Amino acid sequence: MADNVTLTIDGARVTVPKGTLIVDAAKRLGNDIPVFCYHPKLQPVGMCRMCLVEVGRVQRDRASGQVIVDENGQPRVVMAPKLETACTTPVEEGMVVIGASGRVKEARDDILEFLLTSHPLDCPVCDKGGECPLQNLTIAHGPGQSRFIFEEKFRLAKQLPLGELIYLDRERCIQCARCIRFQNDIVDDRVLSFYERGRHLEIITCSEPGFDSKFSGNTTDICPVGALTTTDFRFEARPWEMNMAASICPHCPVGCNLTLNTRREARSGGQMVIKRVMPRQNEQVNEIWVCDKGRFGHHYASSSDRLTRPLVRRDGKLLEAAWEEALELAAGQLKAAGAGLAGLAGGRLSNEDLYNFRQVVTGLGGSAALNTRMGGAEQTQQVGVGLGTNFAEMGPGTAILVVASDLEEEAPIWWLRVKQAAERGATLIVANGRPTKTDRAARYVIRYAYGQEVATVLGMLVTGSSEAAEALARAENSVILFGREGLDFAGSTALAQACANLLIATNHYGRPNNGLVGVWPDANTQGAWDMGLPARGQAVLPVGATASWIVAADPVGDGEISAEALRAAGFVVVQELFLTPTAQAADVVLPAASWVEREGTFTNGERRVQRFYPAITMKGRPDFQIAAEIGARAGLSVSSHAAQIMLAIAENVPAYAGLTYQKLTEVVKQWPEVGGRDLYYGGASYTNRQGLGVQVPSAAERGADITAGKLAAPPPPARNGLTLVPVTVLYDRSTTFVRSQVMHPYVPRPYVELNTADAARLDIQDGDTVTVEAAGVRVTLTARVDGRAPEGVALMPADLGPAVPAVAGPATIQKG
Amino acid sequence: MLIDTHREEVDRILAKYPADQKRSAAMPLLYLAQSAYGHITPQAMEEVGGLIGVSSTDVAGLVGFYSLYYDRQAGKRRVQICTDFPCALRGAETFAAALCQKLGVRLGETTPDGEWTVEAVMCLAACDKAPMFQVQDADGIHYHESAGPDQPLTVDQALDVLANYTSAGKGG
Ligand code: SF4
Ligand code: SF4
Ligand code: FES
Ligand code: FES
């Protein structure tokens, strides 16, 4: 094939695509050329010179361009006089590369010795020790003895904080710029730079706060030395004393694959504890990255205020009780309620939990529902992205529409993936009522008035209505990611339907890299719908409820129902990790196990079912087991083993047909190779050995008849005065995330963001205390006036404490 | 704020570059900021970044890279001795140490009379004339190089050069 090139590396022949770099071609042969500055996810820069090799090229006659052959009729190969960098040199047909030679070894040894002249080699006290490329390569190439006088080494104060999460040790930095290039090229948060030159060169950040990026932790994985370490893991453990457990991030619908490093330690009373969260490679989901919420948001599992014993209300007080007693009581009351039983579950539960929960609730005659303010899963079930969809493969010919979502705040890794698809040539269209970071990568930005989301998408159905609409219609592949900004349940459902109609009309569904993706509020919202839990929309309890069973949801804390109203609706059973306001209103509280203590699966926004594993000592019991135990006491038989529940799911949920825990653990070799022993190539993220997950087919792919749903464009919203829009921020005060103390400096106090003109009109300055009044909401919080809200719009983040209105609507804001 | 105190210059500099390539104005704007503030303050970096839509961290990267810019207040003139690799091979480090001794300062320090700040810098692209140094003053940049490989600049010659600046009031 003309697009492939065959060459020889250290005597082994390899055929690779044209344009491949020598270093990558060698890697495919299992020949590890040492690198520091090169990283397979970053553009090569050739800065460190560690990867030098001998390169021979086929000779051509200058005049005719013909290959010159030797006496044996073989192409004549002439070795270049100087060594070349394998990380910047593309392969050529017939090329001969030699890495295993004395000359190369000497050059690499010299480079290493040179690097060590400015490096303290303080591996015994360095967090990177044990998984450090420089340490490994020093052992392979370093001189046994230093020719440099220690006093002449470059010395600087250690532990320079770059923001609250990352420490910089400048002496250890080998100036490879991997961290800077990651921030600039992969994330587009230009908050790291080199300062000064030569030996004095150091990494700096000038952002406010320092190292202001939601992806900062990734730099510690790819830094080839211990120059960048996290505050969270600093001096906590050595890599070799930790165990590994595969997991899935529970914080957003991306479903990043994780490896949890755990250890049993005296300090934690002999318990297994999570020491750190690392990315686990899944090129179709998170590649080798995770955001800082995923990396540092795990502490709720080990939070000291976890519920560990059941509680039962006696004389108005919640008192500890034995499991048996609590379960008996709950089962009896829930059974007695029969049709009056209202079940409510949250989207952070696993498929197994949700399935069992629904089985038991409906088995008792009650109704089970999902606690969500976002709809649209029926549409994603119909025309969700096709099997084999992978953002990394999107480029020219693909259109991506992001509507009513601030990707970086709601599903951070999707921002990176969508941005990169746009950089490769995909047409990115962003529609929102205000600017978001996603706009930066967009070809078309559509700005609508809040309330016009559905009308905007329906407008794109009209052929030729806009360049963006044309681009989407004409593209070979189109994907739509829809969110819920400013929308309530009905609004987001309508938006999903409008998006589905657009995809159906333009024939963009049922195939890879085509279809609909929900930017869901929780990690398993999609799974919850798939498990057959409908949403109740705004109402927390159905009319006529006589008992409620609430799992992993906090409607009282979220301001959706008052404790009194909940209690008025009969017996209340709550299954939770913490004593939330809802749990405080309960008659029975059952302590649940957290996701890292048990098995389960989540279905991500791309409808990929992914498995997580127990990592640490269990507190409480898995939600699926509690459901089974209640069921058993009420005369219902459901399994209390995760793998068996999955078999039941596979039998009863058509899209999940054929799924088994074994299937979910299947892996294929991924490129680039990361983890393993060769840390210097890809960094410290883990190889995926525990499963890449399985995407489930949309109804379209299962042969269902797909027709557009009926939908009328809503009338344009009346716009007089200010519109208050509830928005999502990544670092919030949700029940789980708020327990990661390390993140507290980044969790904002409740605020409302105003446009400069509006603020001036209302005589409000940045930082003023203001009172916001809108649909059933009256709160006092801080005003921000920093030019990010469009005129006439006030943005108020949800989940920072005060309840926000369900939907964008008129509000009054006053100073004081 | 530069934009308030030097609006005309700022506008003139910005006008030289196409609107979508404002970032190209970083260097002249930094130069302006340096002359306005005496040195480049963190606030200046932020202002310049704001004017051209570049993060202040990226602006700082330029300030750190070029010996043209200084990030702290110093003497009236700067003696910037190249001690990069080729110059070091030609004795630049010894040269720098000796010159410092004569001036009674250490590298990075300013003479008590406030006339001279002595600094070691990276390659100034005159490696064939090593050792060499440049003087930066209000007039701009002045190179002082060795005449050739067999005639290296001596510390005495350098002192003469410096004396010339102060006595002639050159650039003062
Ligand atoms: S801090 Fe690490 S990643 Fe960044 S330049 Fe230094 S060695 Fe490279
Ligand atoms: S992007 Fe989402 S799934 Fe991935 S680590 Fe961040 S919060 Fe977790
Ligand atoms: S120069 Fe090739 S890896 Fe750094
Ligand atoms: S090394 Fe001194 S001028 Fe180049």
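Residues numbered from 1 in each chain as written. Chains lettered and ligands numbered in written order. Predicted model: local features only at pLDDT ≥ 70, side-chain atom pairs only at ≥ 80, totals over all residues.

1. Quick word on helix 18 (residues 623-633) of chain A
Residue and element names in this part refer to chain A.
Phase 1: Across the eleven residues that make up helix 18, a large majority, nine, are buried.
Phase 2: Residues of helix 18 that are buried: Asp623, Phe624, Gln625, Ile626, Ala627, Ala628, Glu629, Ile630 and Gly631.
Phase 3: Looking at the buried positions of helix 18, the neighbouring elements they touch are helix 7 (323-337), helix 8 (351-363), strand 24 (547-551), strand 25 (571-576), strand 26 (588-591) and helix 19 (642-652).
Phase 4: Positive backbone phi, at 85°, marks Gly635, one or two positions downstream of helix 18. (Buried ≥ 20, exposed ≤ 12 C-beta atoms within 10 Å, placed from the backbone. Helix = DSSP H or I, 4+ residues; strand = E, 2+ residues; numbered from the N terminus. Contact = placed C-beta atoms within 7 Å.)

2. Thoughts on the sheet that holds strand 19 (residues 398-403) of chain A
Residues and elements named next belong to chain A.
Phase 1: Spatially, the five strands line up as an open sheet ordered 21-20-19-22-23, and their pairing is parallel. Two strands lie at the open edges of the sheet, namely strand 21 (444-447) and strand 23 (515-518), each paired on one side alone. Averaged over neighbouring strand pairs, the angle between their axes works out to 15° when direction is ignored.
Phase 2: The sheet contact formed by strand 22 (residues 477-482) and strand 23 spans four bridges and is parallel. Within strand 23, the residue paired with Phe482 across the bridge is Gly518.
Phase 3: Taken strand by strand, helix 11 (residues 412-424) contacts strand 19, strand 20 (427-432) and strand 22, and its axis lies near 140° from that of strand 19. (Pairing = 2+ DSSP bridges. Axes fitted to C-alpha atoms, helices over the stretch in contact; angles between N-to-C directions.)

3. Some details on the pairing of strand 14 (residues 271-279) of chain A
Phase 1: Most of strand 14 of chain A is tucked away, with eight of its nine residues classed as buried.
Phase 2: Here strand 13 (residues 257-265) of chain A folds back onto strand 14 of chain A in antiparallel fashion, the turn holding five residues, of which A:Gly269 has a positive phi close to 65°.

4. A short note on the interface of chain B and chain A
Phase 1: On the chain A side, the residues contacting the twelve residues of chain B number 13 residues.
Phase 2: Secondary structure elements with two or more residues in the side of chain B that touches chain A: helix 4 (42-52) and helix 5 (56-65) of chain B.
Phase 3: Among the elements that make up the side of chain B that touches chain A, the one with the highest residue count is helix 5 of chain B (seven residues).
Phase 4: Looking at the side of chain B that touches chain A residue by residue, the classes come out as five nonpolar, five polar and two charged. (Nonpolar A, V, L, I, M, F, W, Y, C, P; charged D, E, K, R; others polar.)

5. Side note on the domain arrangement of chain A
Residues and elements named next belong to chain A.
Phase 1: Considered domain by domain, chain A is made up of domain 1 (4-100), domain 2 (112-230), domain 3 (311-375 + 527-599 + 614-652), domain 4 (377-519) and domain 5 (722-815).
Phase 2: Relative to domain 4, the C-alpha centre of domain 3 lies at a distance of 34 Å.
Phase 3: Taken together, the contact pairs eight residues of domain 3 with nine residues of domain 4.
Phase 4: When its residues are assigned to classes, the side of domain 3 that touches domain 4 shows three nonpolar, three polar and two charged. (Domains from an automatic or database assignment.)

6. Topic: the site of ligand 1
Phase 1: Taken together, 13 residues sit near ligand 1, with A:Cys173, A:Cys176, A:Cys179, A:Cys223 and A:Ala227 positioned nearest.
Phase 2: Here the residues of the shell around ligand 1 are counted per class, giving eleven nonpolar, one polar and one charged. (Near = placed C-beta within 6 Å.)

7. Side note on helix 7 of chain A
Residue and element names in this part refer to chain A.
Phase 1: Look at helix 7: 21 Å from first C-alpha to last across 15 residues, which is about the 21 Å you get at 1.5 Å a residue.
Phase 2: The set of residues buried in helix 7 consists of Ala326, Leu327, Ala330, Ala331, Gln333, Leu334, Lys335 and Ala337.
Phase 3: In this fold, the buried residues of helix 7 make contact with strand 15 (311-314), strand 17 (341-345), strand 24, strand 25, strand 26 and helix 18.
Phase 4: Among the residues trailing helix 7, Gly338 stands out with phi positive, at a value near 55°. (Expected span 1.5 Å × (residues − 1).)

8. Let's talk about the sheet that holds strand 8 (residues 166-168) of chain A
Residue and element names in this part refer to chain A.
Phase 1: Spatially, three strands are ordered 7-8-11 in an open sheet, and the strand pairing comes out antiparallel. Edge positions in the sheet fall to strand 7 (160-162) and strand 11 (228-230), since each of these pairs with one other strand and no more. Across the sheet, the mean angle separating the axes of adjacent strands is 35° when strand polarity is ignored.

9. Observations regarding the site of ligand 2
Residues and elements named next belong to chain A.
Phase 1: Near ligand 2, the surroundings consist of 14 residues, among which Cys249, Cys252, Cys256, Cys291 and Gly294 are the closest.
Phase 2: Put simply, the parts of the chain that give the shell around ligand 2 at least two residues each are helix 6 (292-296) and helix 11.
Phase 3: For the shell around ligand 2, the residue count by class is nine nonpolar, four polar and one charged.

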